[in-house]
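The chain contents come next:
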Amino acid sequence: MSEPSTTPAMPKPPASRLDLRSRSGQLWGAVRRSLMPLLAVAAALLVGAILLLIFGYDPIQAYATMWHGIFGSQRNISEVLLKATPVVFTGVAVAIAYSCGIWNIGAEGQFYLGAIGATYVGVYWGDLPGFALLLLVMFAGFIGGGLWAVIPGLLKTWINANEVVVTIMLNYIALGISSYLVTGPMKEASGYFPQTDMIADAARLPRIWLPTRLHVGVILAVILAILVTILLYRTPLGFEIRTIGSNRNAARFAGMPVKRTIIIAMLLSGGSAGLGGAVEIAGLTGRLFAHISPGYGFDGIAVSLIVNNNPLGTIFSGLLFGGLRAGSEIMQISAGIPSVLIQIIQGMTIAFVIAFGVYNILQTQQQKI
Amino acid sequence: MELIALLSATVRMATPLIFVAIGETYSERAGVMNIGLEGLMLIGAITAYTAVFFTGSLFFGLIAAMLAAMLFGFGFAYLAVTIKANQIVTGAALNMIGLGVSGFIYRVVFANTGIVSAVKTLPAIPLPFLSEIPFAGPILFNQNALVYFVFILTPITAFVLNKTSLGLSIRAVGEHPRAVDSVGLPVFRLRYGCILFAAALAGLGGAYLPIAHANQFVEGLTAGRGFIALTMVPFAGWTIPGVFLGGLLFGAAYALQLRLQVAQLAIAYQFLQTLPYLLTLAVLILSRNRTEQPKALCVPYEAG
């Protein structure tokens, strides 16, 4: 497969301070770029509305229900944050890999492996002293997801295997492993349901907004997004990752350790998704069951893409899609509108971002002329 | 007998994969990789299922599935060819849309309204005389109409791609679009045509699942077949006979997996279910060092 053509641009030198016109132009461009995801979501919601009309629903009522589902109560707001948390983790995962020029469509599987690792430590090593246990649970999540993502990284660097296909296949295999574990070796001791035992209390993340279920994981997600941004834009490793992402051959000629860096980037990428799985277990569910993720890994793709794969931006797009997901679940419960509408809206959002992105490029080209 | 049943199932399971991979071979030979095949298959599957359910006509269901997939394929072509967007991003969006639209229609029309019902399926048509041949007869010539269609489509598409001027133009567009442009052939139209052809076949492959393989629609019923077809194309060296054989290989994996599950072995069923996916990874590793990749694959063409 050839390199993605919309890879992030190489770091540019700052524009001259004297050139005021270009600075205001830059500002306007930045405003437009940050508004673009919102415009794209609006356009996607419009397509959703048309679809709702076709199938005989009242779109205004449907979206009003969704709005209420997002902001209607303290509980609803906390549920939005709970839904946003895992997709920020998976969104950051996609963004890291993308920065290195790799398409990580496997955040879903990495999320599962992280959840499995975290559950294993939380259930079977529950005797460890409090904080050490929690740290180890998180570490197990990172390693589980990270190693799962290293597989496509290795196959990419060794034999140039298409990482899109590898990560998708690993998603299915991860689901199979998870399903096997909760029905077999890790099944709960009482043995009624296909799920594991609860992890030790000491391995649980504290709640931060009682009486809601909101836990400290939401803060961890924000911290992760900030740390990854610093890593990518303020460290030598980040510079290497981004250089490889924008031009692998140039990076090679510049003497950068391309293969090693891709592997490290994949470890960090999968590790982020795996941490998301660990946080979901330690913060919310307390145990593993077969379908622990309703597609958080796939949401992460949209979350990362619509903010141009900027890890810091995933906080906002994560909130946006977390809100849409929480809202669409309420919409399903109270208006009977299938929550899969969210997937259409996500897909359409990406399509519109693509379309608007091209419009932006055309505009800048015209300005140059 | 056991072996005959297994091989017969192999051919049946291979058919949808071969349809999709033939289309994708055309698309990639023309320089466009569409990773959205899975989404297109789902569109084809839900369309065929809905159409057959309400009209009772299998033929109409198949046509509708192809048209619906082509509609979405056109959207992909517009973004990937005209707008020159990144083909991988666009394909990823197409997958999400396919999953969402098929799930949405299924839940609105069937699950929500409480209609959960089987549809009519393509019957096996034993061909006179041929199906009497010992061993090969029941495997190859006692199948449904779409299996026979694949037998016909494979040589035709191989011939068109390799021996006709249209095929030459398609292959040239994937290798050196500028040269094609300079002799006055329409690059964009050739790419659009191949994408739409691939979309129609992906729709057909998707339609096969609810109306030939099973008699129901299940959300996400393609279960990665679109991606497996995508893997088959480089494995087959971008050739039509290659994807036919590759399809049989994966068909065998699916058939074997079903057989073993029925056989109640001491192996966890989850591992059997992952067999096709493990095989896909193995195939990817085996098809390394493929140098025949079309040179302009994934590269949008800039006119002028």
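Everything here concerns the structure above.
These figures come from a predicted structure and were not determined experimentally.

Cut-offs applied
Residues numbered from 1 in each chain as written. Chains lettered and ligands numbered in written order. Predicted model: local features only at pLDDT ≥ 70, side-chain atom pairs only at ≥ 80, totals over all residues. Heavy atoms only, no water. Helix = DSSP H or I, 4+ residues; strand = E, 2+ residues; numbered from the N terminus. Disulfide = S-S within 2.5 Å. Contact = heavy atoms within 4.5 Å. Buried area = accessible area lost by both parts, 1.4 Å probe. Salt bridge = Lys/Arg side-chain N within 4 Å of Asp/Glu carboxyl O. Polar contact = N/O pair within 3.5 Å; in protein donor to acceptor, adjacent residues only side chain to side chain. Buried < 20%, exposed > 50% of the residue type's maximum accessible area, 1.4 Å probe, protein only.

Peer 1: Just to check I follow, could you spell out unusual backbone geometry for this structure?
Peer 2: Cis rather than trans, the peptide bond between Leu210(A) and Pro211(A) has omega equal to 5°. Positionally, Pro211(A) belongs in the loop between α6 (163-183) and α7 (217-234). The phi dihedral of Asn309(A) is positive, around 55°, even though this residue is not glycine. Within the secondary structure, Asn309(A) is located in the loop between α11 (296-306) and α12 (313-335). Positive phi, close to 60°, is recorded for Trp238(B), a residue that is not glycine. As for its position among the elements, Trp238(B) is in the loop between α10 (225-235) and α11 (240-262).

Peer 1: Any chance you could explain the state of the cysteines here in plain terms?
Peer 2: Formally, a disulfide is one covalent bond, and it connects the sulfur atom of one cysteine to the sulfur atom of another. Inspection of every chain in the model, using the stated rule, returns 0 disulfides over all chains. Cysteine Cys194(B) is unpaired, with the sulfur of Cys298(B) as its nearest cysteine sulfur at 15 Å.

Peer 1: In this structure, what is going on with the interface of chain A and chain B? I would like to understand it.
Peer 2: In many analyses, interface size is given as the accessible surface area lost on bringing the parts together. With 47 residues of chain A at the contact, the number on the chain B side is 45 residues. Where chain A abuts chain B, roughly 3800 Å² becomes buried across the two surfaces, and 80% of that area is made up of carbon and sulfur atoms. Taken together, the links from chain A to chain B amount to 0 salt bridges. In this structure, the connection of chain A to chain B is made through 4 residue pairs in polar contact (both at pLDDT 80 or more). Where the side of chain A that touches chain B is concerned, the elements lending two or more residues are α1 (20-54), α5 (130-159), α6, α11 and α13 (341-368) of chain A.

Peer 1: When you look at the pattern of salt bridges in this model, what are you seeing that I'm missing?
Peer 2: Where charged atoms of side chains with opposite charge meet at close range, the side chains can pair. All names here are of chain A. Applying the stated criterion across every chain yields a total of 9 salt bridges over all chains. Its salt-bridge partner being lysine 83, residue glutamate 329 comes within 3.6 Å of it at the nearest N-O pair. Here lysine 83 lies in helix α3 (residues 74-99) and glutamate 329 lies in helix α12, a separation of 246 residues in the sequence. By relative accessible area, which is 30% here, glutamate 329 ends up partly exposed. Overall, lysine 83 belongs to the buried group, its relative accessible area being 11%. We note a salt bridge from arginine 287 to glutamate 188, for which the minimum N-O separation is 3.6 Å. Taken together, the positions of arginine 287 in the loop between α10 (258-285) and α11 and glutamate 188 in the loop between α6 and α7 put the pair 99 residues apart, joining distant regions of the chain. Overlapping salt bridges bring together Glu79, Lys83, Arg213 and Glu329 as one network.

Peer 1: Before we go on, may I ask you to explain the environment of Ala255(B) in this structure?
Peer 2: The topology assignment puts Ala255(B) in helix α11. C-alpha of Ala255(B) to C-alpha of Ala14(B): the two residues are 241 residues apart in sequence and 9.1 Å apart in space.

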